[in-house]
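An overview of the molecular structure
Residue-level listing of the chains:
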Amino acid sequence: MLFVIKYRPNSLKYSPLWILLLYSFLTYGLNKNTAEFKDDNLQSNLLPTHQKKLNDNLEMLQKATTAIDSAKAYTNICFVYYSSAYYLKVPRYEDILQYSTKIIALTSNTQSDESLKLKLHALRFKGTVYKSLGDFSKALDFFNDIISKTEHTTNPDYFYHQRQAATTEIAEIFAFQKNYKLALSHYHSLFAYVEKNQIDVSKISSIVYLRCARFNRQAGNIDDALVYAYKAIATSVRNSMSVRTAMSYLELAHIYVDINSIANATLYLDKAHLILKEDKQYLSLLSKYHYLKAVIGKKNNNVSDKLYHAEKAFALLENEKLSDRQIATGNLLYDAYKEKGFFEKANLLLEKIVAIEKKMSNKEELKKTAFIEIQRRDKNIELAEAKSEKMNKIIFWIALLLAVGIFSMIYIYKDWKKKSKLAREIAKKNMQLEQLDKIKSNFFSNITHELQTPLTLIKGPLELALEENHKSLDASTKAKIQMAMNNTDSLKTMVNDMLDLSKLEAKELVLKRENVDLDTFLNTTMRKFTAIMKQKKLHFNYCFKDLESYTAIVDTKKLEKILNNLLSNAIKYTPANGTIKVCGKLEDEQLILTVKDTGIGIPATDIPHVFERYFQSNDASKPLEGGYGIGLSLVKELVEFMNGTIHVQSEVKKGSQFVVKLPLENVDTNKHQSSQVDEIKPSVDTFASMLQHMDKTLKEHTILIVEDHRDMQQFIASILQKEYRVLLVNNGKEAMDKLQNTAVDLIVSDVMMPAMDGFTLLETLKASEVYCNIPVIMLTALSDIKYKIKALTFGVDDYLSKPFVAAELLARVYNLLMRSESRKQFLEESTQTVEHEEEVSEAFTEQLTTIAEEKAIIKKSDKLLIDKVAEIIAQNIDNPDFKLTDLTEKVYVSERQLRRKIKLITGLSPKKFQQEIQLLKARTLLEEDTYSNVKAVAISVGIHNSTRFSKLYIERFGKHPATYFTASS
């Protein structure tokens with residue numbers, strides 16, 4: 001809305017443009033050609049006061065010596081014509097548009113802030129004219145131009161009020177069209193502009209907050225409406241604007257009335273009434289007060305209150321312009337009269353209401369009402385100006401007293417400024433330190449992701465070399481290769497520790513608790529260290545008291561990691577023939593674990609810092625043992641994450657003792673079965689034997705490898721080129737170019753690549769009718785589950801996390817190609833079956849056409865059907881009695897049709913498709929460390945034979961499920 005508000009205490013100076021808004025509302029929907037309006041009660045000439053302002057500005061225009069002075073004069077003339085638009089028979093819209101064009105022309109050759117401000121005024125003039133004429137499209141063009149010109153200005157604070165006014169105009173247009181969501185979005189953009197440019201929030205007008213409150217209320221967003229109503233109150237009170245404060249109280253009360261919070265509504269209505277009763281000129285606001293009180297009376301079934309306030313509101317509105325609220329108030333009063341038995345009054349009031357409705361539908365009556373309104377408002381303005389003269393004298397003396405007070409506080413202010421500067425410098429240094437710490441954490445998080453690729457390129461070739469030359473290598477060479485592979489796993493464990501630290505810091509780590517027999521779990525964990533203790537010639541003792549048959553709910557992965565780090569630390573700093581002892585007991589529903597060693601001990605100066613991340617001792621007498629200060633830091637953060645505590649006691653040359661206390665939740669063993677640790681050893685021969693029986697026709701297929709890392713590209717090619725034809729490209733863009741002239745059966749793509757990354761490539765492929773059926777395997781070093789979910793969302797057929805081994809990749813490729821071939825074969829068989837019918841009826845002809853179309857591209861409806869089928873299978877994944885007939889009943893498709901659809905899209909039979917869903921769910925559970933053993937995972941996906949589950953998992957993913965637990969250990 002284009003308006004200027006000049007405030008005087010206890011009064012509101014209406015701008016001429018505020019009057020224009022009322023005129024715009026009254027004339028909306030009428031004939032856009034305003035020259036056709038005829039009303040003897042509307043004036044043909046300007047009011048004397050406006051004519052004088054016009055003459056003064058015309059005189060200023062004649063004296064203008066610069067383009068800026070002329071533009072200022074034209075701007076003032078436009079303001080005069082806007083003011084007159086309310087009461088003239090023919091508003092001077094053409095003149096306003098003409099002068100606005102001149103303003104833009106005069107300011108186009110100068111780049112000053114003042115010239116831009118005048119240009120923005122001109123754009124507002126044009127926009128408001130078209131808004132008044134009902135041409136919202138043109139109006140929005142001009143208001144959006146203001147938004148655009150103030151977006152990147154070098155002085156956003158100077159132009160804020162122009163942007164705020166344009167935003168309000170845009171919001172009111174959309175609110176008039178009942179599009180409250182879009183209206184509010186423009187105000188949200190204004191708030192973002194204020195924050196971005198660090199504009200003082202006190203500059204935001206209370207009108208803005210009031211509009212936000214009203215639009216949210218009308219849109220049903222009550223919580224947001226309340227927030228903005230309170231902000232409007234705070235802003236109005238801060239600026240001592242009593243009338244706007246009353247408006248804000250009324251809006252807040254209206255919100256509370258809508259949600260039936262009568263006590264709060266009454267409180268804020270009373271506050272508004274205290275302000276409005278002091279100034280009788282704002283009858284419209286006072287009428288709203290009585291209207292809301294009448295509504296409250298209706299809600300409380302208090303007919304007397306309803307009657308009293310409805311009469312008051314209706315009487316006040318009789319002197320105001322015609323409005324919907326007058327009719328609503330009349331209806332309230334009519335109901336009250338009937339409820340009281342005043343039927344004669346009710347009939348008389350009904351006649352008045354009908355008359356009001358007729359008047360509102362009459363164009364001539366609207367114009368007469370508008371003219372009366374402008375006269376009343378002009379009179380109010382004159383009264384306000386008279387009051388303001390008296391108030392100016394009072395303000396002068398108050399200002400004088402304030403000046404004396406300010407001078408007396410100069411010394412105090414200087415001292416405060418000095419202290420504030422010092423505080424800001426300290427805060428700035430603290431912020432810099434926090435930023436450095438964040439940068440350091442981000443660095444380690446990113447470097448761990450980058451390490452996944454070289455880990456693959458170390459372990460993968462070693463594993464291939466060991467597998468391909470298993471018979472020819474001597475025992476010594478095999479041992480060395482195995483040693484390198486073991487250390488690669490150790491490096492991966494360190495990488496995972498660093499990832500855990502990053503997740504802890506980002507608050508992304510979650511507890512994955514399960515039922516476990518504590519005594520069995522702890523003893524099994526301790527036995528893993530027996531061999532290394534003997535190798536280091538250390539005496540190792542462990543005992544757990546009162547833990548027999550004690551089943552608790554605990555995150556075993558994190559507890560195991562805590563114990564592993566504490567024992568690894570003890571082994572590192574305990575010399576040969578030393579002793580390491582681990583004790584555990586229950587006390588007050590807490591598990592207390594003590595790890596004690598007779599090692600070199602920790603200096604007293606280092607003890608307060610041993611749990612700090614990346615801490616390294618500065619003690620020159622301490623031997624250099626290596627390490628990066630991650631292990632104990634991770635232990636402490638994991639313990640605290642599990643709501644526990646850890647303490648350390650140490651003495652140099654005598655040893656150290658770490659005490660961990662963790663809260664436990666006991667489980668009734670009669671109701672819950674504890675998880676047992678499976679001793680399943682992964683077999684390396686299972687998938688190898690499967691590859692020997694591979695369908696030889698698959699060797700004719702072409703695989704496109706999309707990878708920018710040259711070594712990784714060659715490694716993947718070395719795995720696949722023995723079985724398939726391989727093509728190499730460096731990024732997604734090159735892949736799309738290659739696909740235009742080369743047929744490809746499967747794509748293996750990395751995620752992080754220049755030019756076009758893997759996600760973009762995947763999204764492009766799946767959106768294409770030509771390439772959407774090509775299977776895609778994503779290789780990612782981003783181990784976080786959210787990146788895998790992103791790939792699945794885009795429609796990836798499979799993903800493989802780095803580091804991976806050759807068998808994994810071969811299994812994924814083999815299974816996807818087999819599935820693709822099965823689907824193609826099914827399509828061809830279906831087509832041939834229909835084509836070879838001796839007599840093809842009209843129905844068969846239609847079926848033939850349908851199969852031919854499906855062969856080219858699968859229908860979207862069929863994909864949605866398969867998604868629904870997969871969802872239903874997942875919901876019943878642990879139900880052993882769930883059958884195909886149950887599935888057909890849920891999707892309303894015949895069994896034969898469902899088999900055909902599943903085979904068409906997935907290349908799998910319904911049973912195989914159900915098995916695929918089970919295995920995919922199992923992979924997610926294994927990757928997220930949901931359970932601590934293979935058997936628990938198998939049962940959770942509905943496969944109760946863990947041996948069969950392991951075999952199926954190897955065939956599908958080329959990796960034994962037990963390796964997930966071996967790697968994490």
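From a predicted model like this one, the values you see are computed outputs, not experimental measurements. Position labels on residues start from 1 in each chain and follow its written sequence. Only residues with pLDDT of 70 or above have their local features reported here, since the model is predicted, and side-chain atom pairs are shown and tallied only from 80 upward, although totals for entire chains, interfaces and linings are computed over all residues. Heavy atoms throughout the structure, all of them, feed into the side-chain values; hydrogens and water do not.

1. Examining the overall build of the protein
The following threshold applies: Every helix listed is a DSSP run of H or I at least four residues long, and every strand listed is a run of E at least two residues long, numbered separately from the N terminus. By the convention used here, residues are in contact when the closest approach between their heavy atoms is within 4.5 Å. Residue burial considers only the protein chains on display, and all accessible areas are found by Shrake-Rupley using a 1.4 Å probe.
Within the protein, the secondary structure is distributed over 37 helices and 15 strands. Pairs at least 24 apart in sequence give 68% of the contacts found in the protein among residues at least 6 apart. Summed over all atoms, the accessible surface of the protein reaches about 50,400 Å², with 53% contributed by carbon and sulfur.

2. With respect to the pairing of strand E15 (residues 798-801)
Note the threshold: A simple rule labels every residue: compare its accessible area, found with a 1.4 Å probe on the protein chains alone, to the largest value its type can have, and call it buried under 20%, exposed over 50%, or partly exposed in between. Strand pairing is defined by DSSP finding a minimum of two bridges between the two strands.
Burial of the side chains of E15 extends over both faces: Asp798 and Leu800 are buried on one face and Tyr799 and Ser801 on the other. Here strand E14 (residues 776-780) runs beside E15; their pairing, made up of four bridges, is parallel. When the sheet's bridge partners are listed, Ile777 is paired in E15 with Asp798.

3. Here we look at the pattern of salt bridges
Rules: Basic side-chain nitrogens of Lys or Arg form a salt bridge, by our definition, when they fall within 4 Å of a carboxyl oxygen of Asp or Glu.
Applying the stated criterion across every chain, the model contains 27 salt bridges. Across the salt bridge formed by Lys585 and Glu587, the nearest N and O atoms sit 3.6 Å from each other. Classification of Lys585 as partly exposed rests on a relative accessible area of 36%. By relative accessible area, Glu587 is classed as partly exposed at 37%. A salt bridge links Glu916 to Arg819; the nearest nitrogen and oxygen atoms lie 3.0 Å apart. Here Glu916, found in helix H34 (residues 910-927), pairs with Arg819, found in helix H29 (residues 806-835); they are 97 residues apart in sequence, far enough to count as distant.

4. Things to note about the packing of helix H22 (residues 556-572) against helix H23 (residues 631-641)
For any two helices packed against each other, the geometry is given by the interaxial angle and the distance between the axes. Defined as follows: Only the stretch in contact is used when a helix axis is fitted, and all axes are lines through C-alpha atoms; the angle between N-to-C directions ranges over 0 to 180 degrees. In this scheme, roughly parallel covers angles under 35 degrees and roughly antiparallel covers those over 145, while 65 to 115 is roughly perpendicular and the rest are oblique. By convention the crossing between two helices is left-handed if the near helix lies anticlockwise of the far one by an angle smaller than a right angle, and right-handed if it lies clockwise. Residue classes follow a fixed rule: Ala, Val, Leu, Ile, Met, Phe, Trp, Tyr, Cys and Pro count as nonpolar, while Asp, Glu, Lys and Arg count as charged, and any other residue, Gly among them, counts as polar.
With their axes 9 Å apart at the nearest point, H22 and H23 run at an angle of 150° to one another. Judged by the angle between their axes, H22 and H23 are roughly antiparallel. Both H22 and H23 take part in a crossing whose hand is left-handed. Where H22 approaches H23, its residues Lys558, Lys561, Ile562, Asn565, Leu566 and Asn569 are matched on the opposing element by Gly631, Leu632, Leu634, Val635, Leu638, Val639 and Phe641. Taken together, the residues of the contact of H22 with H23 sort by class into eight nonpolar, three polar and two charged.

5. Remarks on the packing of aromatic side chains
Test applied: Side-chain rings of Phe, Tyr and Trp, where Trp is taken by its six-membered ring, are said to pair if the distance between their centres is within 6.5 Å; with planes under 30 degrees apart they count as stacked, over 60 as edge-to-face, and otherwise as tilted. Here, a charge over a ring is recorded when the distance from Lys NZ or Arg CZ to the ring centre is within 6 Å and its angle to the ring normal is within 35 degrees.
Per the stated rule, a full pass over the model turns up 21 aromatic pairs. Each ring, one from Phe396 and one from Trp397, has its centre 5.5 Å from the other, and the planes form 75°; the classification is edge-to-face. Pairing Phe540 with Tyr542 gives two aromatic rings, centres 5.3 Å apart and planes at 45°, and the pair type is tilted. Residue class for Tyr542 comes out partly exposed when judged on its relative accessible area of 28%. An aromatic cluster of at least three residues, connected via ring pairs, comprises Tyr230, Tyr249, Tyr256 and Tyr268. The cationic tip of Lys117 hangs over the ring face of Tyr158; the distance from NZ or CZ to the ring centre is 4.6 Å. Across the ring face of Tyr193, the terminal group of Arg163 is positioned such that the distance to the ring centre comes to 3.8 Å.

6. What to know about the confidence of the model for the protein
Low pLDDT marks regions whose predicted coordinates should not be analysed in detail. Selection criterion: One confidence number per residue, pLDDT, is output by the predictor and ranges from 0 to 100.
A residue-level look at the protein finds 78% of positions with pLDDT of 70 or above and a mean pLDDT of 77. The secondary structure element of the protein with the lowest average pLDDT is strand E1 (residues 6-8), at 36, and the one with the highest is strand E11 (residues 702-706), at 94. Overall, residues 1-42 carries pLDDT values under 50, and its contacts beyond four positions in sequence, including any with other chains, amount to 105 contacts. The low-confidence segment residues 363-375 (pLDDT under 50) makes 29 contacts with residues lying over four places distant or belonging to another chain.

7. Concerning the packing of helix H10 (residues 222-238) against helix H11 (residues 242-258)
The geometry of H10 relative to H11 is characterised by a closest axis approach of 8 Å and an angle of 160° between their N-to-C directions. Taken together, the axis directions place H10 and H11 in an arrangement best described as roughly antiparallel. Every pair of crossing elements has a handedness; the one defined by H10 and H11 is left-handed. On H11, the residues touching Ile222, Ala225, Leu226, Ala229, Tyr230, Ala232, Ile233, Ser236 and Val237 of H10 are Arg244, Thr245, Ser248, Tyr249, Leu252, Ile255 and Tyr256. Residues of the contact of H10 with H11, tallied by class, amount to 12 nonpolar, three polar and one charged.

8. Here we look at the UniProt feature "transmembrane region" (unreviewed entry) in the protein
Put simply, the rule is: UniProt positions are given in the numbering used here, feature names are shortened, and annotations may be inferred rather than shown by experiment.
The sites that carry the UniProt feature "transmembrane region" (unreviewed entry) are, in the present numbering, residues 394-413. Structurally, residues 394-413 is divided into 95% helix and 0% strand, and its ends, taken at the C-alpha atoms, are 27 Å apart.

9. Structural notes on the side chain of Thr525
Short version of the rule: Contacts described as polar in this section are N or O atom pairs within 3.5 Å, which, within protein, must combine one atom able to donate a hydrogen with one able to accept it, while residues neighboring in sequence count only if both atoms come from side chains.
Here Thr525 is to be found in helix H20 (residues 518-527). A polar contact of 2.9 Å, which involves the side chain of Thr525, links it to the backbone oxygen of Phe521. With sequence-adjacent residues up to four places away left out, Thr525 is seen in contact with Glu560, Leu563 and Asn564.

10. What to know about the pairing of strand E3 (residues 514-517)
Across the two faces of E3 the burial is the same, with Glu514 and Val516 and Asn515 and Asp517 all buried. Note: E3 against strand E5 (residues 551-554), four bridges, orientation antiparallel. In the sheet register, Asp517 faces E5, and the bridge partner there is Thr551.

11. Focus on the nonpolar core
Considering soluble globular proteins, one finds that nonpolar side chains tend to be buried as a cluster. Under the convention used in this document: Take the buried Ala, Val, Leu, Ile, Met, Phe, Trp, Tyr and Cys residues and link them wherever side-chain atoms come within 4.5 Å; each set so joined is a nonpolar core.
Within the largest apolar cluster, 101 residues are counted, with the highest numbers of intra-cluster contacts made by Ile96, Ile103, Tyr187, Phe191 and Phe215. Apart from the residues within four sequence positions on either side, Ile103 is in contact with Ala71, Tyr74, Thr75, Cys78, Leu118, Ala122 and Phe125. One finds Leu518, Phe521, Leu567 and Leu662 within the second-largest nonpolar core, a separate group that totals 42 residues.

12. A short note on unusual backbone geometry
In this structure, Asp588 is a non-glycine residue whose phi angle is positive, near 55°. Its identity as a non-glycine residue notwithstanding, Lys653 has a phi of 70°, on the positive side. By the element assignment, Lys653 lies in the loop between strand E8 (645-651) and strand E9 (655-663).

13. Some remarks on the sheet that holds E5
Spatial strand order, E3-E5-E10: three strands in an open sheet with antiparallel pairing. With partners counted over all chains shown, the strands left at the sheet margins are E3 and strand E10 (665-666), one partner each. Strand contacts of H20: E3 and E5, with the helix running at about 75° to E3, the strand carrying the most contacts.

14. Notes on the side chain of Ser749
Note on placement: Ser749 falls in strand E13 (residues 746-750). Setting aside residues no more than four positions away along its own chain, Ser749 makes contact with Val706, Gly758, Leu761, Ile777, Met778 and Leu779.

15. Thoughts on helix H8 (residues 180-196)
Given 3.6 residues to a turn, an α-helix orients residues that are three or four positions apart in the same direction. Going by this rule: Helix span is expected to be 1.5 Å times the residue number reduced by one. Read the arc as the range of directions from the helix axis to the C-beta atoms.
Compared with the 24 Å implied by 1.5 Å per residue over 17 residues, the 24 Å span of H8 between its first and last C-alpha is a close match. Along H8, the positions that sit buried rather than exposed are Tyr180, Ala183, Leu184, Tyr187, Leu190, Phe191, Tyr193 and Val194. In an axial view of H8, the angular spread of the buried residues amounts to 165°, which keeps them on one side of the axis. Opposite its buried face, H8 presents the exposed residues Lys181, Glu195 and Lys196, each directed more than 90 degrees away. The secondary structure elements touched by the buried residues of H8 are helix H6 (136-151), helix H7 (160-176), helix H9 (206-219) and H10. Positioned one or two residues after H8, Gln198 has a phi angle of 55°, which is positive.

16. Quick notes on the sheet that holds strand E7 (residues 590-597)
Pairing within the open sheet is mixed, and its five strands lie in the order E4-E6-E7-E9-E8. At either margin of the open sheet sits one strand with a lone partner, and together these are strand E4 (539-545) and E8. Put simply, the sheet's adjacent strands are angled 10° from each other on average, direction ignored. Inspection of the sheet shows E8 paired to E9 by seven bridges, in the antiparallel sense. For Gln649, the partnering residue across the bridge sits in E9 and is Gln657. Across the sheet, H22 lies against E4, strand E6 (579-586), E7, E8 and E9, angled at about 20° from E7, the strand it touches most. The strands that H23 touches are E8 and E9; relative to E8, the one it contacts most, it runs at about 145°.

17. Let's talk about the environment of Ser633
In this structure, Ser633 sits in helix H23. You can call Ser633 buried: its relative accessible area is 1%.

18. With respect to the environment of Ser261
With respect to the secondary-structure elements, Ser261 resides in the loop between H11 and helix H12 (262-276). In this structure, the C-alpha to C-alpha distance between Ser261 and Ile296, residues 35 residues apart in sequence, is 9.7 Å.

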